[in-house]
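# Observations on chain architecture
If you want the building blocks of each chain, they are given just below.
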Amino acid sequence: VDNVIQYNNHVECLDLHLSEITLNSYRGTLPEIIFARFFVEKARLLKVMRFGVLWRNNEWCVDHRKRLSLNDKVSAEAEFVFETSSGQRLENLFAH
């Protein structure tokens, strides 16, 4: 029972305080998608979720935005940002 109470306190902390998170070395595997979606589901104040990725094309980014988006998500306004290890947004690289 103590573990359940402790877990609920951590989820409440996510719900009330987490506004930005960065997942480095994101490859988009199913376990990583599930992990990322946990934060999208639980963090009500989440504004930006950054993903540090190796080189990916624009179609991959679009596909992963769809995989991460939840219609009934708690953090309805969260922005998904895919960046290279040097911090360049991938969308900016494809705009040219």
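Bear in mind that the values here come from a model prediction, so they are computed numbers and not experimental data. Counting starts from 1 at the beginning of each chain's written sequence and moves along it residue by residue. At least 70 in pLDDT is required for a residue's local features to be given in this predicted model, at least 80 for side-chain atom pairs to be given and counted, and no such filter applies to totals for whole chains, interfaces and linings, which use all residues. Hydrogens are left out, water is left out, and the side-chain values use all remaining heavy atoms of the structure.

### Notes on the pattern of salt bridges
Spelled out, the test is: In what follows, salt bridge is the name for a side-chain nitrogen of Lys or Arg lying within 4 Å of a carboxyl oxygen of Asp or Glu. Helix and strand labels come from DSSP, where a helix needs a run of H or I of at least four residues and a strand needs a run of E of at least two; each type is numbered from the N terminus. When a residue's accessible area, from a 1.4 Å probe over protein chains only, is under 20% of the maximum for its type it is buried; when over 50% it is exposed; and in between it is partly exposed.
This model, assessed by the stated rule, comprises 5 salt bridges. Here Glu-20 makes a salt bridge to Arg-50, at a shortest N to O gap of 3.4 Å. You can see Glu-20 sitting in strand 1 (residues 20-23) and its partner Arg-50 sitting in strand 2 (residues 48-52), a full 30 residues away along the chain. For Glu-20, a relative accessible area of 43% gives the class partly exposed. By relative accessible area, which is 23% here, Arg-50 ends up partly exposed. We note a salt bridge from Asp-63 to Arg-67, for which the minimum N-O separation is 2.9 Å. Taken together, the residues span about one helical turn, with Asp-63 and Arg-67 both in helix 3 (residues 58-68) at a distance of 4 residues. On the accessibility criterion, Asp-63 (30% relative accessible area) is partly exposed. Beyond isolated ion pairs, a larger network of salt bridges with shared partners links Glu-20, Arg-50 and Glu-83.

### Digging into the confidence of the model for the protein chain
For the record, the criterion: For every residue, the predictor reports its confidence as pLDDT, a number between 0 and 100. Here a residue-residue contact requires only that any non-hydrogen atoms of the pair lie within 4.5 Å.
Of the residues in the protein chain, 70% have a pLDDT of 70 or more, and the chain-wide mean is 77. Overall, residues 1-7 carries pLDDT values under 50, and its contacts beyond four positions in sequence, including any with other chains, amount to 1 contact.

### Considering the pairing of strand 2
Looking along a regular strand, one sees the side chains alternate between the two faces of the sheet. The cut-off we apply is this: Two strands make a pair as long as DSSP finds a minimum of two bridges between them. Orient the strands so they point away from the viewer; a crossover is then right-handed if the path from the first strand over the helix to the second runs clockwise.
Across the 5 residues that make up strand 2, a large majority, 4, are buried. As defined by bridge partners, strand 1 adjoins strand 2 across 4 bridges and the pair is classed as parallel. Bridging across to strand 2, Leu-23 finds its partner in Phe-51. On the question of chirality, the crossover connecting strand 1 to the parallel strand 2 by way of helix 2 (residues 30-42) is right-handed. When strand 2 meets strand 3 (residues 79-83), the two strands line up parallel, connected through 5 bridges. Along strand 3, the bridge assignment pairs Val-48 with Glu-79.

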